[in-house]
Amino acid sequence: MTTALTAFLVACLVGVLVTHAMTWLAPKLGAVDQPDGFRKIHTRPIPYLGGVGVFAGFLAPVVLLLVFFRGLEPVRALWEANSAFAMVLLGSFVALFLGAWDDIHGMRPGLKLLLQALAACIGMAGGHLIIWRLNLPFVGDLVLGAWGIPLTLFWFLGCMNAINLLDGMDGLAGGVTLIACLTLMATGHLLGNAVGMLLMACLGGGILGFLTLNFHPARIFLGDSGSNVIGYLVAALALMTSQKSSTAVALLVPVLALGLPIMDTSLAMLRRWSHWLPISAPDRRHVHHILLSWGLSQRRAVLILYAASLVLCVGAFASISQEREPQLMVFGGLGILLFVCMRVLGAVRLTDVGRRFSRDWKCRNIAAQARIELEKLASRLPHIDDLDATWNACGAAFPLLGVDDARLILHRNGSAARQSPREWTWATAGSSSSPLEGEAVSTRGCVRTPLAQGPEPSRRAP
């Protein structure tokens, strides 16, 4: 424990110094967050790249311990796990770099998610940090097998993006992750995992050093560099802390410790999905936005969310117990908290969620029926030698394709060109508008039937 506390203080000191340097360097690199008057609540440009200070604070005591203090017990254990830790460090460098690039130059969401997955896969390389089994309360061990790989990938991506979404108010993301790190540090101590405890102390110290310049009024923001690297390291080190546990749930402690960002992200995704909005669409309905809309100051709102994180961390400690009663209290309290957050803080109504599920189910059934009708139509058309029958066969598929009105005009060539063109129309039953009233889309092509002499241009406008 003494080594962990010393590492915490060293990380904090280095984090303060490097973060202070980033307040000068970031504007020169163009890594500045401009206020937008909508989702961003700050009123003046604030530099990014606070994550560089956090990572430097984390890395400094680790390097010092590995170079000068190899004889200490937790350092020897870290050397024994050198292959897994080396991949974690490599993946964290990738996460930091892609976040810094996004802060300076910007990056498309799809590419950003792909590079986050790359960083996660690097940390998972070798299989040391893959969730091969889960120790579920009231159920026991659940062997995941190959399903552990996508679950672990989801865990990494979820942590990185959850902290990114939570980073919307001065000191919020850093403070919540600091509380989570201290919780996981204490959990590692209770479970006898010296390596996990030591590394969590290093990360917590780096975050505290950054917070000295990030608490309201903030002089620097985490940026994507910070949210990516903190989320990545918390995800990886949480697995290192809990993987040796025989009594605690492998992921329950870190999930509860990070309960606030995970819940806020889940509610944001559910809210946008139920309201037919893109998952990446920005809004002002995150937990911190709701608290500010109630008239709270930034400091007071942040302190309230710190208190909520502490309550969740107490639940994380209770979940370690083998007794059923504490576990029942934790899960019951989480259920009540989730329902309250959905209704009060998440702006999510269960009727909206049910309506979206119902609509998606109906659309899936209609799409399946339309696909069947089109396959039937494709098999019948080659055997039909009459244009009227062809049009009637097509009319059976129009409703399932969502077509309201359709028209087919057949122009003739050669000696029949002087005759007026033949025309077929179709409209939905009970339609009050004339076929193709208003704007229509037209295409030209050739229709060959046994009744048509040569290629005849046709015009079809559904």
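The structure we're discussing is the one just above.
Residues numbered from 1 in each chain as written. Predicted model: local features only at pLDDT ≥ 70, side-chain atom pairs only at ≥ 80, totals over all residues. Heavy atoms only, no water.

The subject of this paragraph is the packing of helix 2 (residues 50–68) against helix 8 (residues 194–211). Contact geometry of helix 2 with helix 8 gives a least axis separation of 8 Å together with a crossing angle of 140 degrees. If you check the angle between helix 2 and helix 8, you find them oblique. Helix 2 and helix 8 meet at a crossing whose hand is right-handed. Here Gly50, Val54, Gly57, Phe58, Pro61, Val62 and Leu65 of helix 2 lie close against helix 8, whose contacting residues are Leu198, Leu199, Cys202, Leu203, Gly206, Ile207 and Phe210. Considered class by class, the residues forming the contact of helix 2 with helix 8 number eleven nonpolar, three polar and no charged. (Axes fitted to C-alpha atoms, helices over the stretch in contact; angles between N-to-C directions. Helix = DSSP H or I, 4+ residues; strand = E, 2+ residues; numbered from the N terminus. Parallel < 35°, antiparallel > 145°, perpendicular 65-115°, else oblique. Left-handed = near helix turned anticlockwise from the far one by under 90°. Contact = heavy atoms within 4.5 Å. Nonpolar A, V, L, I, M, F, W, Y, C, P; charged D, E, K, R; others polar.)

Summed over the entire model, instances satisfying the criterion amount to three salt bridges. Across the pair Asp224 and Lys112 runs a salt bridge whose closest N-O atoms are separated by 2.7 Å. On the criterion of sequence distance, the pair formed by Asp224 in helix 9 (residues 223–242) and Lys112 in helix 5 (residues 109–124) is long-range, its members being 112 residues apart. Both residues of the pair, Asp224 and Lys112, belong to the buried class. When salt bridges with common partners are traced through the structure, they connect Asp102, Lys112 and Asp224 into a single cluster. (Salt bridge = Lys/Arg side-chain N within 4 Å of Asp/Glu carboxyl O. Buried < 20%, exposed > 50% of the residue type's maximum accessible area, 1.4 Å probe, protein only.)

Applying the stated criterion across every chain, the model contains four aromatic pairs. Geometrically, the ring pair formed by Phe55 and Phe58 is tilted, given 6.3 Å between the ring centres and 35 degrees between the ring planes. One end of the pair is Phe55 and the other is Phe58, both in helix 2 and three residues apart, which spans about a single turn. Residues Phe55 and Phe58 agree in their burial class; the two are buried. Between the aromatic rings of Phe97 and Trp101, the centroid separation amounts to 6.2 Å while the plane-to-plane angle is 40 degrees, which identifies the pairing as tilted. One end of the pair, Phe97, and the other, Trp101, are both in helix 4 (residues 82–105), four residues apart, so they sit about a helical turn from each other. Members of the aromatic cluster, joined through ring pairs, are Phe55, Phe58 and Phe93. (Phe/Tyr/Trp six-rings, centres within 6.5 Å; stacked < 30°, edge-to-face > 60°.)

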